[in-house]
Amino acid sequence: MNEYNQSNNCPPQPDNVFTPGPSGKSRGVAALLAIFLGGLGIQYFYLGKTTAGILAIVLSFVTCGIFQVIFLIQGILMFTLTQPEFENKYVYTTKSFPIF
């Protein structure tokens, strides 16, 4: 099968990081939320993990915001995952607090 798009003769483009997967969650949105608002646990609330969101708020408060560095790294790592890896690790997991 030909790898090129027949209509414009271009190679196939990789998935857009902001395209939602089967769960309806976008890894790009979750990553940006983790990078900019990770200390408030917003990325976990977006993913439907309320317990993790509350725990993130408590950890950020107790450590005076130092735990935000962990969420920054988590956001960067979310950008590097493929959509199926992201969904398995953060959306469909049974863990109540998925960090890495």
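Just above, that's the structure.
Residues numbered from 1 in each chain as written. Predicted model: local features only at pLDDT ≥ 70, side-chain atom pairs only at ≥ 80, totals over all residues. Heavy atoms only, no water.

Student: How should the environment of Ser96 be read in this particular structure?
Tutor: Position of Ser96 relative to the elements: it lies in the segment after α5 (83–91). The residues contacting Ser96, other than those within four sequence positions of it, are Thr51 and Ala52. (Helix = DSSP H or I, 4+ residues; strand = E, 2+ residues; numbered from the N terminus. Contact = heavy atoms within 4.5 Å.)

Student: Teacher, can you tell me more about the packing of helix α1 (residues 27–37) against helix α4 (residues 68–80) here?
Tutor: Relative orientation and spacing of two packed helices are given, respectively, by the angle between their axes and the distance between those axes. Two numbers describe how α1 lies on α4: the axes approach to 7 Å, and their chain directions differ by 160°. Between α1 and α4, the angle falls in the class roughly antiparallel. As α1 runs across α4, the sense of the crossing is left-handed. Contacts between α1 and α4 involve Arg27, Gly28, Ala30, Ala31, Leu32, Ala34 and Ile35 from the first element and Gln68, Phe71, Leu72, Gln74, Gly75, Ile76, Met78 and Phe79 from the second. Along the lines of polarity and charge, the residues of the contact of α1 with α4 split into ten nonpolar, four polar and one charged. (Axes fitted to C-alpha atoms, helices over the stretch in contact; angles between N-to-C directions. Parallel < 35°, antiparallel > 145°, perpendicular 65-115°, else oblique. Left-handed = near helix turned anticlockwise from the far one by under 90°. Nonpolar A, V, L, I, M, F, W, Y, C, P; charged D, E, K, R; others polar.)

Student: Is there a simple way to explain α5 in this structure?
Tutor: The complete set of buried residues in α5 reads Gln83, Phe86, Glu87, Tyr90 and Val91. One side of α5 holds all its buried residues, which, seen down the axis, span an arc of 100°. Across from the buried face of α5, at angles greater than 90 degrees, the exposed residues are Pro84 and Asn88. Taken together, the buried residues of α5 touch α1, α2 (42–47) and α4. (Buried < 20%, exposed > 50% of the residue type's maximum accessible area, 1.4 Å probe, protein only. Arc of directions from axis to C-beta.)

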